[in-house]
Amino acid sequence: MALTTHPPRAPLWRSTVGKKAAMAVSGLVLLAYLVAHMLGNLKIFFGAGELNGYAAWLRTIGRPFLGHEWFLWMARTVLLAAVLVHGTAAYQLSRRDLAARPTGYRHTRARASYATRTMRWGGVILGLFIVWHILDLTTLTVNSRAEQGHPYQNVVASFHTWYSGWIYCLAMLALGLHIRHGFWSAAQTLGLNSQHGNPRRDRVLKLAANALALLLTAGFLSVPIAVMTGAVK
Amino acid sequence: MTHHPQDEYVNDERAQDEYAPTAFAQYQEGDPIADTKAPAGPIEGRWDQRRFEARLVNPANRRGRTVIVVGTGLAGGAAGATLAEQGYRVVQFCFQDSPRRAHSIAAQGGINAAKNYRNDGDSIRRLFYDTVKGGDFRARESNVHRLAQVSVEIIDQCVAQGVPFAREYGGLLDTRSFGGVQVSRTFYARGQTGQQLLLGAYQALSRQIAAGNVEMHARTEMLDLLVVDGRARGIVARDLVTGQVRTHLADAVVLATGGYGNVFHLSTNAKNSNATAIWRAHRRGALFANPCFTQIHPTCIPRSGDHQAKLTLMSESLRNDGRIWVPRRPGDTRPPAQISAAERDYYLERMYPSFGNLVPRDIASRAAKVVCDEGRGVGPGGQGVYLDFADAIERLGREAVAARYGNLFEMYQRITAEDPYQVPMRIYPAIHYTMGGLWVDYDLQTTVPGLFAIGEANFSDHGANRLGASALMQGLADGYFVLPATLADYLARTPGAPVAADHPQIAELEAEVADRLNLLLAVDGDRTPESFHRELGELLWNECGMARSEAGLRRALERIPQLRAEFWRRIKVPGVGEEFNQTLEKANRLVDYFELAELMCLDALHRTESCGGHFRVESQTADGEAARDDEAFAYVAAWEFAGPGRPPVLHREQLAFEHVHPTQRSYA
Amino acid sequence: MNLTLRIWRQSGPDQPGGLTAYQVTGISEEMSFLEMLDTLNEELILRGDQPVAFDHDCREGICGACGMVINGQAHGPERTTTCQLHMRHFSDGDTIDVEPWRSAAFPVVKDLVVDRSAFDRIIGSGGYITAPTGSAPDAHAVPVPKEAADLAFEHAECIGCGACVAACPNGSAMLFTAAKVVHLNVLPQGAPERRGRVRSMVAAMDAEGFGGCTNTGECATACPKGIGLNAIGTLNREFLRGGRR
């Protein structure tokens, strides 16, 4: 007697594993963006002309096929979608995870690594930072001495405000931790590291995660530190 | 529920009658009994013939027939899954929290099958022959031959289910030789064959549970059998979480509840394995066969103190390279390294020069007992002998020894904190398996129509001694292949009229069960179930264990009723019946152990020969070997319960050996 | 040795629970953790108190019945089952906290006993190979590469004790589910149902209320059978492949 106990196919998003995969993919999109963003930032060390010129070029990508700033808006749309997917999945999964352990252990002890344990709060910090960062250097709302079209001067102006520099630095440390666990985690979630009989692959991925986290954090931090120490004026 | 004062029940006439001490070393003679189901004719064709003669149930009618299966080990799990696949409505029970935890899971060694994949001369006939001979000629030929035939299908079935047997690099199945046979017919999955086979059956069962074809009651224990108009029609079971006692009705009842080794308190059985289901069935009319046939395994880790809850078995393969010895001088408590070669007695090599350390389980076990009784045992309490790998390490190197036995050494070290690479292991025999069980015919049906017993719960295939790697084979043979065919015949021949839910017998039986539980709760004495179990177990181990004597058995038969009477005066069970109450579970199982222990001793007393796992000191050859008496004892002793306090009735099933001629074994 | 135990006592699923302190004396190093609890229970019974309820059966580390969180660690400080944990790993005068597995999907039945039937339902949803009795081809009809057989075995070793769920900060059952998916999906016999199996099992796992995996690795650290985190990666890959096609 044929007997099927397999349920009909459900959308990926409905399952925890699907949500995690969505988080992994959106996280990797954001990570790719961060690499480009960090490399662009380094142009500040070549002077105001370099950076401002680079910023102006970004608005002209795809011309004449694309209009002014079209590419930028397309990128922003993709980034916004990635952030929303990443955040929504994180929120929904976190709620589920907390509900799955309604009573905690009385005897607590330090568990997984710091980076692993801080994914949730680190994520929240990064979300808040993104809002601040856009208000500071994109819309210039909170950057009182800034003016449109002069990113170099705006960056210097922002980091001359002491709290702005510190907010940025703390956020970048959180970013480093987030990437350190997140990159390897994404690979695991997408099943990219589980080549049985090939434990090297997993080790290489963990190393890559550490290297990426370190390089991105160092790259991003170099700018506010240079400004605050006066190396970039 | 209120606590009744102790006197109220102890003075209760019914309780007195039911549980009064009944010392008997007597039994009543009953009529002979015979299996009427196995067809005549050539033994090779009997199973085919029986299946052909068996009636079938129309597929459309199967859904309307309910079968209760008690137990979810290899036999029960396989039977439940298969019956459900065939379309019957199955209601299944286990006392564990999940069907996956039945004690079959702990079997280590492997499973025999006459596949002859090695081309080493194996065949169905050879497996049949080995099993009858290994059972010391106390098993029924028809059943054993069928077991050997079916063994071949079991491996196919398990591989299809995804059981990850050990394989060769070519992708084909690996086998090894096991238990002293000369062919390599044992299939295995490292040291966890039982686990893997059980998970296969459990997964098949889980599929049927999810499909709604099996109604699974985990954490539910059978406490009695409902017999209506002479047929088994259901069971009374207690929900171990809520304590609710309820009757479940069916057209047939299958008991797959395992063996009764735990009557000895310390055994390699799981702590909760128990005899209640088969004993209750026995009290309701099922004959109990060969209760004294128990198997002792020589290589277990010795007990470390009175706190010991159970014994852990280590694979017999250790005897391939380890040398067994004790000090020559009694009371020599020096560390083993300080005892020189001249002061050591490698007693197995001395007594059995040709087989040495590889003599069969029962011989190795008895020899260990003899040297320990001489005061030459080692370790705490002097209940142990050394199993020494020093020579093997010197000869093969530490690495080669580690490759063969590394996991066993680790297990030993985890339990004892001693490093077997440095100091010899200490081992001692322990109760491991029970060949006896409910008497069944060729159809695996007991003497109560509609009540079937499969796996270790029945007596059918192993005679007086079971060969290594044959328990798994028998459990799965019964569950997957034999029972589903023979049960159909029974169902097809009996009307499907259900028992009314308000049948007066149901309320009566439930009340009886509840009474027994209430009685246990009411005594409110000063001894725990564990303390009684320990005392009963020690008594049995000493008098009805590795070596049995008339005097010892008579002592036990005198002592057990006294102990039982003391139990009913002094047992203490806190709490109430309508709750999760593990002390009550234990006490209730103990009630049945007392009665079973008595029957075991009586059976051992009446069988004045030695055979297989049953060694009577009065019956041995000049060189100390078991002496069988085929003239007087080539029969199955099937005992009938004659009522509380009355001597049981002995029915003999005479065994005929047409194909394998009884010989006396010799290992000297 | 003498010990102070603080044990979670809870009379029923809907009853409040809490840690109760007990003194035990004369504990031998040779005892297993469960034998130590047996000793306590013998005393409690004689006092007329309710003994501590805990699941246990084989006491040799294979049935998966036992399990408790000891000082915040599933199965205690050694990587083994609670029944195979021996008291020599503790010292005289220690205070030991004993709690049940904690997970919404494993409600407490009594004291240290929890209901793990959610695991059975996950297996029932697809953790099998459909092979009705009698339908099997000869065992040698399909050779299985030794590597695949070994890999399957290593994951089939799971004893279903639930330590992975207990140890996971999210109460996730991913390691348990993944072990079964790997066991069956790497075998040729399991291939036909491969995609449906992983989808169904993940759906069943989610429906039971287990949390999701955040790759903390706590499960693999606690697993007494040493099942690795890699299994979860394989489950993910099998799931995503199954979802795409």
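Conventions used here
- Residues numbered from 1 in each chain as written.
- Chains lettered and ligands numbered in written order.
- Predicted model: local features only at pLDDT ≥ 70, side-chain atom pairs only at ≥ 80, totals over all residues.
- Helix = DSSP H or I, 4+ residues; strand = E, 2+ residues; numbered from the N terminus.
- Rg over C-alpha atoms; globule rule 2.2 N^0.38 Å.
- Buried ≥ 20, exposed ≤ 12 C-beta atoms within 10 Å, placed from the backbone.
- Contact = placed C-beta atoms within 7 Å.
- Domains from an automatic or database assignment.
- Nonpolar A, V, L, I, M, F, W, Y, C, P; charged D, E, K, R; others polar.
- Pairing = 2+ DSSP bridges.
- Axes fitted to C-alpha atoms, helices over the stretch in contact; angles between N-to-C directions.
- Core = buried A, V, L, I, M, F, W, Y, C linked by C-beta atoms within 7 Å.
- Left-handed = near helix turned anticlockwise from the far one by under 90°.

It is not clear to me how the overall build of chain B should be interpreted in this structure. Could you clarify?
The helix and strand tally for chain B stands at 19 helices and 21 strands. Taken against the 2.2 N^0.38 rule, which gives 26 Å for 668 residues, the C-alpha radius of gyration of chain B at 24 Å falls within 12% of a compact globule. Considering only C-alpha atoms, chain B reaches an extent of 75 × 60 × 50 Å along its principal axes. Burial analysis of chain B (668 residues in total) assigns 58% to the buried set. Residue pairs at least 24 apart in sequence account for 74% of intrachain contacts in chain B once pairs closer than 6 positions are excluded.

Please explain the domain arrangement of chain C as it appears in this structure.
Interfaces are frequently sized by the accessible area removed from exposure as the parts join. Residues and elements named next belong to chain C. Annotation of chain C at the domain level lists domain 1 (3–109) and domain 2 (116–244). One C-alpha centre belongs to domain 1, the other to domain 2; they are set 29 Å apart. Tallying the contact residues gives 17 residues for domain 1 and 17 residues for domain 2. Across the side of domain 1 that touches domain 2, the residue classes break down as 8 nonpolar, 7 polar and 2 charged.

Sorry if this is basic, but what is going on with the environment of L12(A) here?
Along the chain, L12(A) falls in the segment before α1 (16–41). Residues L12(A) and Y114(A) lie 102 residues apart in sequence; the distance between their C-alpha atoms is 30 Å.

Please clarify how the interface of chain C and chain B should be interpreted in this entry.
Between chain C and chain B, the residue contacts involve 65 residues of the former and 61 residues of the latter. Ranked by the residues each element gives to the side of chain C that touches chain B, the list is headed by helix α1 (residues 33–46) of chain C, at 7 residues. Its residues assigned to classes, the side of chain C that touches chain B comprises 30 nonpolar, 19 polar and 16 charged.

What's the story with the sheet that holds strand β3 (residues 89–93) of chain B in this structure? I'm lost.
Adjacent strands of a sheet form backbone hydrogen bonds with each other and so pair up, either parallel or antiparallel. Residues and elements named next belong to chain B. Ordered in space as β7-β3-β2-β11-β19, the 5 strands form an open sheet in which the pairing is parallel. Both outer strands of the open sheet, β7 (214–217) and β19 (451–453), are each paired with one neighbouring strand and no more. On average, adjacent strands in this sheet sit at an angle of 20 degrees to one another, irrespective of strand direction. As defined by bridge partners, strand β11 (residues 252–255) adjoins β19 across 3 bridges and the pair is classed as parallel.

Help me understand the nonpolar core in this model?
In summary, soluble globular proteins display a tendency toward joint burial of nonpolar side chains. Counting 319 residues, the largest nonpolar core has V254(B), L255(B), L438(B), C601(B) and L175(C) as its most contacted members. The element that contributes the greatest number of residues to this core is helix α18 (residues 582–606) of chain B, accounting for 14 residues. Those residues in contact with V254(B) that sit more than four places away from it in its chain are V67(B), I68(B), V69(B), V70(B), A79(B), F452(B), I454(B) and L483(B).

Is there a simple way to explain the packing of helix α5 (residues 74–86) of chain B against helix α8 (residues 193–210) of chain B in this structure?
The description of two helices packed together rests on the angle between their axes and the distance between the axes. Residue and element names in this part refer to chain B. With their axes 8 Å apart at the nearest point, α5 and α8 run at an angle of 35 degrees to one another. The element α5 and its partner α8 pack so that their crossing is left-handed. Between α5 and α8, the residues in contact are L74, G77, A78, G80, A81, A84 and E85 and L197, L198, A201, Y202, A204, L205 and Q208, respectively. Of the residues belonging to the contact of α5 with α8, the class tally is 10 nonpolar, 3 polar and 1 charged.

How should the pairing of strand β9 (residues 231–239) of chain B be read in this particular structure?
Note on strand geometry: in a regular strand, side chains alternate between the two faces of the sheet. Residues and elements named next belong to chain B. Most of β9 sits out of view: 7 of its 9 residues are buried. Strand direction decides the pairing type here: strand β8 (residues 220–228) and β9, joined by 8 bridges, are antiparallel. From the neighbouring strand, E221 faces β9, where its bridge partner is R238. A loop of 2 residues connects β8 with β9, the two strands running antiparallel in sequence, and D229 in this loop sits at a positive phi of about 50 degrees.

Explain the environment of G645(B) here, please?
Turning to its location among the elements, G645(B) is positioned in the loop between β20 (635–640) and β21 (649–654). The sequence separation of G645(B) and G397(B) amounts to 248 residues, and the corresponding C-alpha distance is 61 Å.

Whenever I open this one, unusual backbone geometry confuses me. Can you help?
When glycine is set aside, most residues are seen to have a negative phi, and most peptide bonds are trans. Residue P64(A) is bonded to the preceding R63(A) through a cis peptide linkage, with omega at 10 degrees. Here P64(A) shows up in the loop between α2 (48–58) and α3 (70–99). A positive phi is found at N116(B), a non-glycine position, where the angle reads about 55 degrees. For N116(B), the position within the fold is in the loop between β4 (111–112) and α6 (124–134). When the 18 C-beta atoms within 10 Å are taken as the criterion, N116(B) is described as partly exposed. The phi torsion at H75(C) lies on the positive side, around 65 degrees, for a residue other than glycine. If you trace the backbone, H75(C) turns up in the loop between β4 (73–74) and β5 (95–99). Looking at H75(C), the number of C-beta atoms within 10 Å reads 26, which means it is buried.

I tried to follow the sheet that holds strand β6 (residues 186–187) of chain B on my own but got confused; where do I start?
All names here are of chain B. The strand order β4-β6-β5 describes an open sheet built from 3 strands, whose pairing is antiparallel. At either margin of the open sheet sits one strand with a lone partner, and together these are β4 and β5 (175–176). By the bridge criterion, 2 bridges tie β4 to β6 in an arrangement that is antiparallel. Note that in β6 the partner of I111 across the bridge is F187.

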